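Structure at a glance
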2 protein chains.
Amino acid sequence: MTSPAHAASQASVSESNRSRILEHLYHNGVCSRAQIAKALGLTPAAITKITARLIDAGVIEETGDIEGRLNRRSIGLRLDGGRFHVIGVKFARSLVQIGVFDLDGRLLSIEELPTVSDDTIPQTIAAIHLTIDDLLDGDPAIVAIGMAVPGPYLRDIGYAAIVSSMQGWRNVNFPKEFAHAFRVPVFVEQDARAGALAQRLFSTDGTCDTLAYYLLGEGIGLGVIDHGALINGHLGTATEIGHVSVDINGRPCDCGNVGCLERYCSAVAIHQAIDQAGLLGPGSPAMTHREACNALFRLVEDGDARATAILDEAARYIGFGCVSICNLFNPQRIVIGDIVAGAGQRLLDRVVEITREHVNPDILRETTITLSTLPSDAAVSGAAAVAITQFLDHPSMFFDVSQP
Amino acid sequence: MTSPAHAASQASVSESNRSRILEHLYHNGVCSRAQIAKALGLTPAAITKITARLIDAGVIEETGDIEGRLNRRSIGLRLDGGRFHVIGVKFARSLVQIGVFDLDGRLLSIEELPTVSDDTIPQTIAAIHLTIDDLLDGDPAIVAIGMAVPGPYLRDIGYAAIVSSMQGWRNVNFPKEFAHAFRVPVFVEQDARAGALAQRLFSTDGTCDTLAYYLLGEGIGLGVIDHGALINGHLGTATEIGHVSVDINGRPCDCGNVGCLERYCSAVAIHQAIDQAGLLGPGSPAMTHREACNALFRLVEDGDARATAILDEAARYIGFGCVSICNLFNPQRIVIGDIVAGAGQRLLDRVVEITREHVNPDILRETTITLSTLPSDAAVSGAAAVAITQFLDHPSMFFDVSQP
């Protein structure tokens, strides 16, 4: 359905065409003007006009001759992904990571702030300001900052609605705090949605325009791109799979619901199960959720039966979450990532098995389920993807590309 | 996010602008060219050109002078909703209804075919062909046919993946059977999604571009419009809330999953509960699901305690489905419709109560939950909305509007 919301007015048609050309170059490397015109259904005249502006503004550049149709040589155009950098900031409950990436998603540097507790949030915010200021001072190639925060994130209001066990974050209004603090624009997005953008931009499995990123971290999150567009909902809080009840008589959740998926299989829930079983000894409660989960995964690899039982029970819930994702969003690709995805192939096999047992085969046949192939220490790449997506979608925000 | 999928090529920009003008006239009644230009951000020259074609093709018409800005008179334009008709065909498990509507959703005639059973499906298909042929012969104003079928509907393949208890429908390939059978085009959509389109087009509660239609019929379905676009998924089977598990240790479902929502609160599930309780006597199993539910609702109105208990238990599940809809799709408006919505205010109150208890207040504050105000005998209006949406979105499929 074409709709007013997606249909384009004159001004936005120009920006949309600029964006389409940038995206095409981003995903396809060096292309001639004729190749772009053909791929996008635009006239050669339009391409010539728009690319001239993009070259003048320094966004893209001409390369040497490339081989064209009928062996005719033509000039190539290129968006040099290494030339522009972005900062990505990932907020989890107790973890803040700040990375610098180039447009191709290559990690240039990463820094982890000290573990956050409810009463050190103000210091953490101050440290983020200082760190970003330093990065911006040292790297003039940085053009934008992306931030990924735990969902549900109320975009219009600017804060996360629920941050289980870390209510202090609810007092932070992210846009207010950061939007005008730096020389480059700041974009804030819910973390799983940021992860979906990262999968779309950086995945080496080929582009896919209907995909879900299933974030198994301190919370359970989901970001869904449906035919190229993020599913947002009215306030930007859609696709909160972690707060779907898998048992309406089940465990209460901080969100107000009962039996929420994330109460059974998030890193926090798994850490609780580890503590209750006494699996890692008395030091267990003091570990971070990531440390406790990683220790569990090592025990599973060593064949520990109690550890395996804890992982398999979590995997069962994660699998049923995946069944719901298939029935609710029918993505072509489901990518599983973040802390719990560190359990690797054993987790994936169990999730695929449960999904195969419970999803209609006609639907499942066209769905692939994989572990994220993005570097596991680069969960922050989702935050970078938020900034890069804005750069590609709205070039006029970053460059003066409209002047003749 | 602007994306290749939504960005427009030259040709589709023209069609998109045509469509936007038609939609604007559809929702706003008589407008001047200047008003349209202002509302849509198009140049007066573009408006003049496009509307001239639409007038020549007979889609819209000029009215007399209307009052313009600064008391200047200007000519009004109008899309006469009464001038074009569509046929809507609603398939349920055991029920087929065929209605004729005008573009404004006014019901002109409706016909219900004899109750379908698994072995009378071929006769039903034949009767649909005959009925539609007769309607088309008698009404030259009919421009399109919309069909609404139970989900999950595999759009690319053309059949419904699961029709619990009526597997015979699985052998019907809807586009193959109907697409080229008539003088006007045929469009097939999943029933709840069709209902969402109907709410968007015909609702008297004002337009809303992020809404969910929660279909409580023989199955439980959902159609979601997110910022103006239907959520489809890769194969067109997204938003199947009826097959989300509310209890991973629960009742098995024909879809392969367990504990599916529709196993607890569809008209079929409620009919089963009525039979099991012996509430309506020995004739109960022979009733249609709609008859059994309507009889239950009458008993509830009369204060029958056993009937009330059955309804309240179903309402509890429907309420938890509504909680999931809020968390998964964050719609601005949730409209409840179809057979079980016949329970009326008591059901709505219970659903609102459960939603209030279990959804984050920041999200719920911006969500309204209502019963469908479309005529209850016009469930088939969703099918008509499928056809009308195509008419408004793709005028060049219906008229030669591209010639100079």
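Residues numbered from 1 in each chain as written. Chains lettered and ligands numbered in written order. Predicted model: local features only at pLDDT ≥ 70, side-chain atom pairs only at ≥ 80, totals over all residues. Heavy atoms only, no water.

The name given to chain A in an unreviewed UniProt entry is ROK family transcriptional regulator, with Bifidobacterium phasiani as the source organism. Recorded under Sequence similarities (unreviewed entry), the UniProt text for chain A is reproduced unchanged: "Belongs to the ROK (NagC/XylR) family." (UniProt positions renumbered as here; feature names shortened; annotations may be inferred.)

Turning to the domain arrangement of chain A, a few remarks are in order. Residues and elements named next belong to chain A. What the domain assignment lists for chain A is domain 1 (10-80), domain 2 (85-197 + 381-393) and domain 3 (204-373). Just the C-alpha atoms count here: the centres of domain 1 and domain 2 sit 32 Å apart. The interface is formed by seven residues belonging to domain 1 together with six residues belonging to domain 2. For the pair domain 1 and domain 2, the summed buried surface comes to about 610 Å²; carbon and sulfur atoms form 60% of the total. Its largest share of buried area at the contact with domain 2, domain 1 owes to Leu-22, Glu-23 and Tyr-26, together 59% of the area lost on that side. Counting every contact that joins domain 1 to domain 2 gives zero salt bridges. (Domains from an automatic or database assignment. Contact = heavy atoms within 4.5 Å. Buried area = accessible area lost by both parts, 1.4 Å probe. Salt bridge = Lys/Arg side-chain N within 4 Å of Asp/Glu carboxyl O.)

Should their charged atoms come close, side chains of opposite charge can pair. Going through the model one piece at a time under the given rule, you end up with 23 salt bridges over all chains. Salt-bridge contacts for A:Asp338 lead to A:Lys90; the nearest nitrogen and oxygen are separated by 2.7 Å. Taken together, the positions of A:Asp338 in the loop between β14 (333-337) and α11 (345-358) and A:Lys90 in strand β4 (residues 85-91) put the pair 248 residues apart, joining distant regions of the chain. Relative accessible area serves as the criterion here: at 17%, A:Asp338 is assigned to the buried category. Looking at A:Lys90, the relative accessible area reads 7%, which means it is buried. Across the pair B:Arg18 and B:Glu15 runs a salt bridge whose closest N-O atoms are separated by 2.4 Å. With a gap of three residues between them, B:Arg18 and B:Glu15 both fall in helix α1 (residues 10-28), about one helical turn apart. Across the pair, B:Glu15 and B:Arg18 agree in class, each one buried. Put simply, A:Glu61, A:Arg78 and A:Arg83 are held in one network by salt bridges that share partners. (Helix = DSSP H or I, 4+ residues; strand = E, 2+ residues; numbered from the N terminus. Buried < 20%, exposed > 50% of the residue type's maximum accessible area, 1.4 Å probe, protein only.)

Between chain B and chain A, the superposition needs a rotation of 180 degrees and an axial shift of 0.0 Å, giving an RMSD of 0.0 Å. Look at the turn and shift together and you get a two-fold axis relating the two. (Least-squares fit on C-alpha atoms with pLDDT ≥ 70 in both.)

Residues and elements named next belong to chain A. Taking strand neighbours across the sheet as the criterion, the five strands line up as β6-β5-β4-β7-β10 in an open arrangement whose pairing is mixed. If you trace the sheet from one side to the other, it starts and ends with β6 (107-112) and β10 (186-190), each paired once. When the angles between neighbouring strand axes are averaged without regard to direction, this sheet yields 20 degrees. The pairing of strand β5 (residues 96-102) with β6 spans five bridges and is classified as antiparallel. Opposite Gln-97, over in β6, you have Glu-112 as the bridge partner. Running at roughly 20 degrees to β5, helix α4 (residues 121-138) makes contact with β4, β5, β6 and β7 (142-149) of the sheet. Contacts between helix α6 (residues 191-202) and the sheet are confined to β7 and β10, with β10 contributing the most and set at about 105 degrees to the helix. (Pairing = 2+ DSSP bridges. Axes fitted to C-alpha atoms, helices over the stretch in contact; angles between N-to-C directions.)

Turning our attention to the interface of chain B and chain A. Across the boundary between the two partners, chain B contributes 79 residues, which contact 78 residues of chain A. Of the roughly 6300 Å² buried at the junction of chain B and chain A (both faces included), carbon and sulfur atoms supply 56%. In this structure, the connection of chain B to chain A is made through two salt bridges. Taking the shortest distance from any N to any O, the salt bridge between B:Arg170 and A:Asp362 comes out at 3.1 Å. At the junction of chain B and chain A, the tally comes to 29 residue pairs in polar contact (both at pLDDT 80 or more). Residue assignment for the side of chain B that touches chain A shows that the elements contributing at least two residues are α1, α6 (191-202), β12 (220-226), β13 (229-230), α10 (305-329), α11 (345-358), α12 (361-364) and α13 (381-393) of chain B. The element that contributes the greatest number of residues to the side of chain B that touches chain A is α10(B), accounting for eight residues. (Polar contact = N/O pair within 3.5 Å; in protein donor to acceptor, adjacent residues only side chain to side chain.)

Once that is clear, we can look at the packing of aromatic side chains. All names here are of chain A. Inspection of the entire model under this criterion finds 23 aromatic pairs over all chains. For the pair Phe-84 and Phe-391, a centre-to-centre distance of 5.3 Å together with 45 degrees between the ring planes defines the contact as tilted. Taken together, the residues span a long stretch of sequence, with Phe-84 in the loop between β3 (73-78) and β4 and Phe-391 in helix α13 (residues 381-393) at a distance of 307 residues. The two residues Phe-84 and Phe-391 agree in class, both being buried. Aromatic side chains Phe-187 and Phe-398 sit 6.2 Å apart centroid to centroid with 50 degrees between the ring planes, which places their arrangement in the tilted category. (Phe/Tyr/Trp six-rings, centres within 6.5 Å; stacked < 30°, edge-to-face > 60°.)

With that settled, the discussion passes to the sheet that holds strand β4 (residues 85-91) of chain B. Residue and element names in this part refer to chain B. Reading across the sheet, the five strands line up as β6-β5-β4-β7-β10 and stay open at both edges, with mixed pairing between neighbours. The open sheet has two edge strands with one neighbour each: β6 (107-112) and β10 (186-190). Sheet twist, expressed as the mean angle between neighbouring strand axes with direction ignored, is 20 degrees. On the sheet, helix α4 (residues 121-138) packs against β4, β5 (96-102), β6 and β7 (142-149) and is oriented at approximately 20 degrees with respect to β5. Along the sheet face, α6 touches β7 and β10 and points at about 105 degrees away from the line of β10.

Below, the discussion takes up α4(B). The terminal C-alpha atoms of α4(B) lie 26 Å apart, and with 18 residues this matches the ideal 26 Å at 1.5 Å per residue to within 8%. Of the surrounding secondary structure, the elements contacted by the buried residues of α4(B) are β4, β5, β6, β7 and α5 (174-178) of chain B. (Expected span 1.5 Å × (residues − 1).)

To continue, consider the environment of A:Glu112. All names here are of chain A. Mapped onto the elements of the fold, Glu-112 is located in strand β6. Remark: the alpha-carbon pair of Glu-112 and Thr-373, spanning 261 residues in sequence, is separated by 21 Å. For Glu-112, the residues in contact, after removing those within four places along its chain, are Leu-95, Val-96 and Gln-97.

All names here are of chain A. The topology assignment puts Thr-308 in helix α10 (residues 305-329). The buried category is assigned to Thr-308, whose relative accessible area is 13%. Setting aside residues up to four positions removed in sequence, Thr-308 forms contacts with Val-300 and Arg-346.

Before going further, it helps to spend a moment on the environment of B:Asp338. Along the chain, B:Asp338 and B:Leu371 lie 33 residues apart, while their C-alpha atoms are 9.4 Å from each other. A polar side-chain atom of B:Asp338 sits 2.7 Å from a polar atom in the side chain of B:Lys90.

In regions of low pLDDT, the predicted coordinates are not meant to be interpreted in detail. Residues and elements named next belong to chain A. Of the residues in chain A, 93% have a pLDDT of 70 or more, and the chain-wide mean is 89. Per-element averaging of pLDDT across chain A places strand β9 (residues 159-160) at the bottom with 74 and α10 at the top with 97. Below a pLDDT of 50 lies the segment residues 1-8, which in the model reaches 28 contacts outside its immediate sequence neighbourhood of four places, other chains included. (pLDDT = per-residue confidence, 0-100.)

Bringing a negative patch on the surface into the picture now. On the surface, a cluster of negative charge is made up of A:Glu111, A:Asp133, A:Asp134 and A:Asp137. Top element by residues in the negative patch is α4(A). It accounts for three residues. (Patch = residues over 30% accessible without salt bridge, like charges linked within 9 Å, V, L, I, M, F, W, Y side chains within 5 Å. Areas by Shrake-Rupley, 256 points an atom, 1.4 Å probe, with all protein chains shown as cover. Lys, Arg positive; Asp, Glu negative; His and termini not counted. Charge placed at Lys NZ, Arg CZ, Asp CG, Glu CD.)

This part takes up the pairing of β5(A). Residue and element names in this part refer to chain A. With seven of seven residues buried, β5 lies mostly within the body of the structure. Across the two faces of β5 the burial is the same, with Val-96, Ile-98, Val-100 and Asp-102 and Gln-97, Gly-99 and Phe-101 all buried. Bridging between β4 and β5 involves seven bridges; their strand directions are antiparallel. Looking across to β5, one finds that Val-86 is bridged to Phe-101.

Take the state of the cysteines next. Applying the stated criterion across every chain yields a total of zero disulfides over all chains. Lacking any disulfide linkage, A:Cys322 is separated from the closest cysteine sulfur, that of A:Cys326, by 5.0 Å. In this structure A:Cys322 comes out as buried when scored by relative accessible area, which is 0%. Here B:Cys208 stays free of any disulfide, with the sulfur of B:Cys326 as its closest cysteine sulfur at 13 Å. When its relative accessible area of 8% is taken as the criterion, B:Cys208 is described as buried. (Disulfide = S-S within 2.5 Å.)

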